[in-house]
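# Chain and residue survey
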Amino acid sequence: MQRLPAPAFIFNLTTSYLTPRCLYAVAQLGVADVLGTTPMSTEELAKATGAHADSLHRMLRLLSAQGVFERRAQGWAHTDYSEHLKASHPHSLKGLVLMFNDDINWRSAQALSVSARTGQTACDTVTPGGLWPYYQSHPEEARIFDAAMTGKSHMAIASMLQAMEFHRYEHIADIAGGRGHVLSAVLDQAPRSRGTLFDLPHVVEHAQAHARMQKQGGDFFVGPLPRADAYIVSNILHDWADPQAISILRNIRQAAPAHAELLVLEMMLPEGPELHPALVMDIVMLSLAGGRERTQVQYDALFAEGGFKLDRVVPTQGPYSIIVGKVA
């Protein structure tokens, strides 16, 4: 790959925030939702979405250079990337785009200089109590957050199912499993297994149903947690600093039988300098939730404090790894 001169590189890097803002604007307008299988002109898209045609055209032109939408002689057409911006797509990422560009995410990103000076979570400096109280008092943003997490879970599901065989576990518990998307997909792959979805009571109350899945409301900081042969902890530990993450693991350990396995699905930080999505997600955690992404060495230490021994790391085809622990 040709190396850019320093001025061009820094220019591109410092202006790169504009592309996701255009993606956000187009997602808000619902451009992907109104664009069907037949190409549409900018004017047609603007009329259908209530947009300003010239401004929309300029944004779509930038996005198409990244592969989001395709410019044809007949007008704009979908690409695989832009298809995922449709709310109706089975693996829609529209909610993820809207969430990462909402007011609290954007203001928190602007406050990262505070984190750099003090170590404080940026979000805590811009809203009283931080992220979770904010969403509790902003129901529409909370709804978008839930949709974003559902979209993110679909990214994780494909990685897990390709990398692991779950049929050898008789009982699988998904800790903080949200609406049950991950556990339901796992149970579909393992027809002889049964599962327990564990999350806060108001979350599991609205979770999807599955014939072999029971729901258990509770708090993973308090317990009790279900007894199971395997514990899925998907995109949870990175939300928390080490003391809280260790507390979650210790509560799982208290419930786990001696033969149980812990299956932690996270983006693991590389030990070297290579680019990896975990590097960005680590800054998201610094900005919003106060957690962090971790290296394998850090997970080894975290597991040990939580009562587990890191047994193996299972790579996936995506950015995730399955970090498998055994009872210590």
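Rules behind the numbers
- Residues numbered from 1 in each chain as written.
- Predicted model: local features only at pLDDT ≥ 70, side-chain atom pairs only at ≥ 80, totals over all residues.
- Heavy atoms only, no water.
- Salt bridge = Lys/Arg side-chain N within 4 Å of Asp/Glu carboxyl O.
- Helix = DSSP H or I, 4+ residues; strand = E, 2+ residues; numbered from the N terminus.
- Buried < 20%, exposed > 50% of the residue type's maximum accessible area, 1.4 Å probe, protein only.
- 1 Å grid on protein atoms, 1.4 Å probe; cavity = no way out; pocket = protein on both sides within 12 Å on 5 of 7 lines; lining within 4 Å.
- Points joined across faces, edges and corners; volume = space filled by probe spheres on them.
- Nonpolar A, V, L, I, M, F, W, Y, C, P; charged D, E, K, R; others polar.
- Domains from an automatic or database assignment.

### What to know about the pattern of salt bridges
Enumeration according to the criterion identifies 13 salt bridges in this entry. Salt-bridge contacts for Glu261 lead to Arg312; the nearest nitrogen and oxygen are separated by 3.5 Å. Taken together, the positions of Glu261 in strand β7 (residues 261–266) and Arg312 in strand β8 (residues 308–315) put the pair 51 residues apart, joining distant regions of the chain. A relative accessible area of 5% places Glu261 in the buried class. Classification of Arg312 by relative accessible area gives partly exposed; the value is 27%. With a shortest N-O distance of 2.6 Å, Glu261 and Lys326 are connected by a salt bridge. A residue pair is termed long-range when its members are at least 10 positions apart, and Glu261 in strand β7 and Lys326 in strand β9 (residues 321–327) qualify at 65 residues.

### Regarding the layout of surface pockets
Here the largest pocket is characterised by a volume of approximately 1600 Å³. Looking at the lining of the largest pocket, the elements with two or more residues in it are α1 (6–14), α2 (18–29), α6 (80–83), α7 (94–100), α8 (103–110), α12 (139–163) and α16 (277–287). With seven residues, the single largest contributor to the lining of the largest pocket is α16. The residue inventory of the lining of the largest pocket, partitioned by class, reads 27 nonpolar, eight polar and two charged. When we break the lining of the largest pocket down by domain, the ones giving at least three residues each are domain 1 (6–89) and domain 2 (122–327). Volume-wise, the second largest pocket comes out at about 1300 Å³. If you trace the second largest pocket, you find 41 residues lining it, with Trp132, Phe145, Asp146, Met149 and Asp199 closest to the centre.

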